[in-house]
Amino acid sequence: MPPRESLTESRNPVAHVRSLFFKGPLADVENKAVTAYKLGRPSDVIWNITNRCNLLCDHCYMAADAHTRPNELTDEETIALVDQMGERGLPALFLSGGEPMMRKNFWEILETARAAGIRVTVSTNCTLMTRDAAKRLKADGIDWIATSLYGPADFHDAMVGVPGTRDRVVAAIRLLREEGVHVAIKTAISKATWPYVYDLIQEARDLDVGLLYFCDLITSGRSEGEDDGRITPEQWRELADYIIEDLLASEATGVKGMEWDIGAMPSFIPYVAERLVERGVDVSNGLERLKTISACPVGKGHMNINSEGGIMPCQFAQDWTIGSVRAMTLQDAVTNLYELDEQEAKGVCSPEACEYSRICRGCRAKAWQRTGDPMAEDVTCLLHASGDRSALAAQIAEAPDFARSAPCAAPGSC
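Computed from a predicted model, the values in this text were never measured in an experiment.

Engineer: Whenever I open this one, the confidence of the model for the protein chain confuses me. Can you help?
Structural biologist: Low-pLDDT stretches of the model should not have their predicted coordinates read in fine detail. Summing up the model confidence of the protein chain, the mean pLDDT is 91 and the portion of residues at 70 or higher is 92%. Segment residues 1-14 is flagged for pLDDT under 50; beyond a separation of four residues in sequence, or across chains, it makes 58 contacts in the model. Scored below 50 in pLDDT, residues 405-414 makes 23 contacts in the model with residues more than four places away or belonging to other chains.

Engineer: What should I look at first to understand the packing of helix 5 (residues 131-139) against helix 7 (residues 165-178) in this one?
Structural biologist: For any two helices packed against each other, the geometry comes down to the angle between their axes and how far apart the axes lie. Where helix 5 contacts helix 7, the axes come no closer than 9 Å and their chain directions differ by 45°. Comparing their axes, helix 7 and helix 5 come out oblique. Viewed along their axes, helix 5 and helix 7 form a crossing whose handedness is right-handed. Here helix 5 contributes Arg131, Ala134 and Leu137 to the contact with helix 7, which in turn contributes Leu175, Leu176 and Glu178. Class assignment for the residues of the contact of helix 5 with helix 7 results in four nonpolar, no polar and two charged.

Engineer: I would appreciate a short explanation of the pairing of strand 4 (residues 144-148) in the present structure.
Structural biologist: Each regular strand shows side chains that alternate between the opposite faces of the sheet. The element strand 4 is largely enclosed, with a buried count of five among its five residues. With two bridges joining them, strand 3 (residues 119-123) and strand 4 adopt parallel strand pairing. For valine 122, the partnering residue across the bridge sits in strand 4 and is isoleucine 145. With helix 5 bridging strand 3 and the parallel strand 4, this β-α-β connection has right-handed handedness. By the bridge criterion, five bridges tie strand 4 to strand 5 (residues 182-189) in an arrangement that is parallel. Bridge assignment links serine 148 to a residue of strand 5, and that residue is lysine 186.

Cut-offs applied
- Residues numbered from 1 in each chain as written.
- Predicted model: local features only at pLDDT ≥ 70, side-chain atom pairs only at ≥ 80, totals over all residues.
- Heavy atoms only, no water.
- pLDDT = per-residue confidence, 0-100.
- Contact = heavy atoms within 4.5 Å.
- Axes fitted to C-alpha atoms, helices over the stretch in contact; angles between N-to-C directions.
- Helix = DSSP H or I, 4+ residues; strand = E, 2+ residues; numbered from the N terminus.
- Parallel < 35°, antiparallel > 145°, perpendicular 65-115°, else oblique.
- Left-handed = near helix turned anticlockwise from the far one by under 90°.
- Nonpolar A, V, L, I, M, F, W, Y, C, P; charged D, E, K, R; others polar.
- Buried < 20%, exposed > 50% of the residue type's maximum accessible area, 1.4 Å probe, protein only.
- Pairing = 2+ DSSP bridges.
- Right-handed = clockwise from strand over helix to strand, strands pointing away.

Structure representation (structure tokens):
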């Protein structure tokens, strides 16, 4: 087993706000993902290893339930896939579901990945977490797990469909922290959860949680057709302004601050960059990274794999597949996905309409879900259409570009 990774080597290389613009706790793993992409390799994989789940969340984009899908990858196929990830030098793997701990060879998948030197994060609802499991996660070098909270107990339990769930999740978070495993709290941002967001932030601090992940409502699976459940751009900007003040306060005082992760809202990142530039903050390092792997990582070495081996450009669009691990290698998938990166977004997300097009790209999954065209515009953009973009646009132009290498034959070959 390789040495346990540090706090800086454990999470997804997408839109970690503090680590992007400052020396946050996840900067190192972001650098590893950028390097993998530049070398033509997979940068990170989100793998839904099972569709089985013991909850019935009413917003689940997977529509996960108690059943195993009939064509799920066999145990032997899962280990062969992990071996392939190790051969390609994959920097980061996210084991999700459904509930990943319900898959019978969960520990074998995890420990095989760790033996291959892959940084693994487990996304779990925590209802199956025990002290023995927490100790084993720590012993296996898993420094981060991610779990979900949505609001107070009655609201949370109604949202996930099982009474008593919230109390079990909070108890598991405390247990994990006692065992030295870092915890990220995830929440879906919607009109229903918005009233509880700031209370959740305070609770995360009280629980010694190191990262909060806010994801815009994904209208697929059990939330299909609920586009009117999203909050407004003004509310997203309010949340962004709060996070900016937290970032700047931590930098000013030297006190360790929360990491903030944003999902399905790529325009959040250029909005934050605009505000930081206005405050005199040097964002050049973040812009250089964004010109390599944009705020929406579709086509940038990122991929999702479902329990049946289907390969998707994004986990939020489960019907947008490019192939299967049974028929193509991960390297073939990366090459296929690069073709998406070579296309330009349309409408308000196009380079002609937006100076931030190549660092943001808009949410390609939302475009796919709304129109069937992954390059269509993202109508949920939170940027002010009439705002002055000259200052940040000038800095984007000055940030160095890069040329992606041809895919390496093996991790040690280049």
